[in-house]
Amino acid sequence: MPSSSDALRNPVSRRNRVSSSGAQFLALDLGTSFIKGAVLDLDALRLRAIHRLPFPDPLPDLPPLHCEIDPDAVLAATSQLIDTLLAHAPEPAGLVMTSQMQGLVLTDAAGQPVSNCITWRDQRALAPRPGGGTYFDALTARLSDPQRARLGELHAGLPFCALFRLAEEGRLPPGLVPASLPDFVLASLCRETIVSQIKIRASRSGIEASAGLSGSRAQPAKASIPEDYLHIYSEPGVEATNASVHGPLDLATLTWQEDILAAWGLERLRWPRVRRAGEVVGHLDIGGRAVPCYTPVGDQACAMVGALLQEGELSLNISTGSQASMISPALVRGDYQTRPFFDGRYLNLITHIPAGRALNTLVALLTELAEAEGVRLRDPWGTIARLAAETGLHERGDSGLYGRGHPAPTDLRVNLAFFASLRGDRGEIANIREDNLTVGHLFRAAFQDMAENYHACALRLSPAAAWERLVFSGGLALKMDVLRQVICDRFGAEQAPAAHRLSPSPEDTLLGLLALALAFTGRASSVAEASRLLVQHYREEEL
């Protein structure tokens, strides 16, 4: 039986059986590596029956800098996962979804795909453009200074950068819908229900209905279908947390900035309406029941909800990449990115901070000789954590914030900017001596570099250091005790490390969807209240 502390850390650690009474929701997360799903038990406030499938691989043989996924493969995997979840909860009360951000699928007016899914890893805008420079250079040159200030985020992986290149090449017909990946998937799933309903009602009335929605779109039978079934394809949309990195969104009005679209030649596309969180956008036919589907949300905001982040807390989400963020009750611009959050609030954040990917570069170097000779190390990360924790320079008298009994920081210096990131694209290992070129010193120095980066980013987010505690989430932060210790020591003062807590679950996006489901169904008056309910619930379990 798991301990109470296990229950606080992992709300799926108890038995996996879904209760037979009360509301259960299906939850889906279209991630970069996996498509994950779970049954949300809204009565017990728990995640049940977590399953995952690999996210489809990028298509082969694409031009340089392209990264595309077959959208039908994503749709098939998602449908398979839904079928798996229905074995655990055959009568769900609703479906909520989150997804990797910046995924783009161009569709026609009926929601049929006319392109592959262009992902956030696509960098085609960096290709040379006829006449000199890159497409990204040309895109930025089209903006006036005020437009650039209003735009906020701008980098080559954003969907409108790929759209700009397509438009410049004359390969972007007017009237297409630039749909986000999760909105395309959900619309397609709900469209299957619409087609089924059209066929059923048409057969009952003796009307011949088409097998699909292209062409005639079964016009004779459409009048018999409820309006909430039809608007899923008649009015495409995207929720604000996804819209903020999908197109040029005005953060104050949550509408598209039409002057910027015109400057880029993208104004003739049919841009989706920006939806509010909690809107029902379609239904799935499950066992003859119309199950409401809520508009998908961005995974970054959803993960912060799952970390149960409160105003006054500083989030450090550390995994392959990492981000620092804080919730703001109002739109306040600064030296950071700002994205819409829930309940009319905003999330101020800094992304692309070197983390797990950079550390993996060091691990690959240290294990290369062993692997070349056919030796596989049993637990390199466990050994790294132990040696980094043991590393100290007591004999040199460098104690810093690390009082008696705590290892002092190493004087080896590591800059983890081994790839394009917040600190550039050239890293280094410096101040090397014979006695400090060890695994323990190397990774202690790498963790110190990460801590310095997070502290600098935190002061950009809040120059007055107005945070009460740190909130750690992400696989690397939750697994690596010594990393958290180094960060807390850097944020601490007067020999005391900074106050901190951990995200209550490694499945932060799925727990975030549980909070959203509570808010969307009225069990909580807001997403903030849903987070507070979950905080109280898991605190009571810990006791």
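To keep things clear, this report deals only with the structure shown in the data block. (Residues numbered from 1 in each chain as written. Predicted model: local features only at pLDDT ≥ 70, side-chain atom pairs only at ≥ 80, totals over all residues. Heavy atoms only, no water.)

**Focus on the overall build of the protein**
Assigned secondary structure in the protein consists of 18 helices and 23 strands. Here the protein, with 543 residues, has 55% of them falling under the buried criterion. Summarising the internal contacts of the protein: among those between residues at least 6 apart in sequence, 68% fall at separations of at least 24. Split by element, the accessible area of the protein, about 23000 Å² in all, is 51% carbon and sulfur. (Helix = DSSP H or I, 4+ residues; strand = E, 2+ residues; numbered from the N terminus. Buried < 20%, exposed > 50% of the residue type's maximum accessible area, 1.4 Å probe, protein only. Contact = heavy atoms within 4.5 Å. Areas by Shrake-Rupley, 256 points an atom, 1.4 Å probe, with all protein chains shown as cover.)

**As for the packing of aromatic side chains**
Applying the stated rule across the entire model yields eight aromatic pairs. Taking the centre distance of 6.3 Å and the plane angle of 75 degrees together, the rings of W381 and F443 count as edge-to-face. Taken together, the positions of W381 in helix α13 (residues 380–390) and F443 in helix α14 (residues 439–461) put the pair 62 residues apart, joining distant regions of the chain. W381 gets classed as partly exposed once you look at its relative accessible area, which sits at 26%. With centroids separated by 5.8 Å and ring planes inclined at 65 degrees, the aromatic side chains of W467 and F491 adopt a geometry described as edge-to-face. Here the residue W467 occupies a position in the loop between α14 and β22 (469–473), and F491 occupies one in helix α16 (residues 481–491), the gap between them amounting to 24 residues. (Phe/Tyr/Trp six-rings, centres within 6.5 Å; stacked < 30°, edge-to-face > 60°.)

**Looking at the sheet that holds strand β23 (residues 500–502)**
The six strands are arranged β18-β19-β17-β16-β22-β23 in an open sheet whose pairing can be described as mixed. Sheet topology places β18 (337–340) and β23 at the edges, where each strand pairs with a single neighbour. For this sheet the average axis-to-axis angle between neighbouring strands, irrespective of direction, equals 25 degrees. When β22 meets β23, the two strands line up parallel, connected through three bridges. In the sheet register, F472 faces β23, and the bridge partner there is L502. (Pairing = 2+ DSSP bridges. Axes fitted to C-alpha atoms, helices over the stretch in contact; angles between N-to-C directions.)

**A short note on the nonpolar core**
Nonpolar side chains in soluble globular proteins tend to end up buried together. In this structure, I318, F447, M450, L470 and I487 are the most contacted members of the largest nonpolar core, which totals 43 residues. Elements with a minimum of two residues in this core: β16 (313–318), β17 (322–328), α12 (356–372), α13, α14, β22, α15 (475–479) and α16. Among the elements that line this core, the one with the most residues is α14, at eleven residues. Formed by 40 residues, the second largest nonpolar core is a distinct cluster that contains F25, V471, A517 and L534. (Core = buried A, V, L, I, M, F, W, Y, C linked by side-chain atoms within 4.5 Å.)

**Regarding the packing of α12 against α14**
Where α12 contacts α14, the two axes come as close as 11 Å, and the packing angle between them is 170 degrees. With respect to α14, the element α12 is oriented roughly antiparallel. Two secondary-structure elements touch here, α12 through L359, L362, V363 and L366 and α14 through V439, L442, F443, A446, F447 and M450. Class assignment for the residues of the contact of α12 with α14 results in ten nonpolar, no polar and no charged. (Parallel < 35°, antiparallel > 145°, perpendicular 65-115°, else oblique. Nonpolar A, V, L, I, M, F, W, Y, C, P; charged D, E, K, R; others polar.)

**Considering the side chain of Q300**
Within the secondary structure, Q300 is located in helix α11 (residues 299–306). Other than its neighbours up to four places away in sequence, Q300 contacts M101, Q323, S325, R339, L347 and L349.

**Section: the pattern of salt bridges**
By the definition in use, this model includes 28 salt bridges. Put simply, E313, E468, R469 and R501 are held in one network by salt bridges that share partners. (Salt bridge = Lys/Arg side-chain N within 4 Å of Asp/Glu carboxyl O.)

**Some words on unusual backbone geometry**
Apart from glycine, the bulk of residues carry a negative phi angle, and the bulk of peptide bonds sit in the trans form. With a phi close to 75 degrees, Q102 is a non-glycine residue in the positive phi region. In this structure, Q102 sits in the loop between β5 (94–99) and β6 (104–107). Assessed through its relative accessible area of 14%, Q102 is described here as buried. The phi dihedral of H352 is positive, around 60 degrees, even though this residue is not glycine.

**Some details on α12**
Across its 17 residues, α12 extends 23 Å between first and last C-alpha, which sits within 8% of the 24 Å expected from 1.5 Å per residue. The set of residues buried in α12 consists of G356, A358, L359, L362, V363 and T367. Buried residues along α12 sit in contact with α13, β21 (428–430), α14 and α15. At the exit of α12 stands G374, carrying a positive phi of roughly 80 degrees. (Expected span 1.5 Å × (residues − 1).)

**Focus on the packing of α14 against α16**
Direction vectors running N to C along α14 and α16 enclose 45 degrees, while the axes themselves pass 9 Å from each other. When the axes of α14 and α16 are compared, the pair comes out oblique. Along this stretch, α14 crosses α16, giving a crossing that reads as right-handed. Judged by residue contacts, R444, F447, Q448, M450, A451, E452, Y454, H455 and A458 of α14 engage V482, L483, Q485, V486, I487, R490 and F491 from α16. Here the residues of the contact of α14 with α16 are counted per class, giving ten nonpolar, three polar and three charged. (Left-handed = near helix turned anticlockwise from the far one by under 90°.)

**A closer look at the environment of M326**
With respect to the helices and strands, M326 occurs in strand β17. Taking the C-alpha atoms as reference, M326 lies 8.2 Å from L309; in sequence the two are 17 residues apart.

**Some thoughts on the pairing of strand β19 (residues 346–350)**
Where burial is concerned, most of β19 is hidden: five out of the five residues are buried. Sheet topology note: the β17/β19 ladder contains five bridges and is antiparallel. If you follow M326 over to β19, its bridge partner there is N348. Hairpin connection between β18 and β19: a loop of five residues separates the two successive antiparallel strands, and D343 in this loop has a positive phi of roughly 65 degrees.

**Overview of the side chain of T410**
If you trace the backbone, T410 turns up in the loop between α13 and β20 (413–415). A distance of 3.1 Å separates the side chain of T410 from the backbone nitrogen of L412, its partner in a polar contact. (Polar contact = N/O pair within 3.5 Å; in protein donor to acceptor, adjacent residues only side chain to side chain.)

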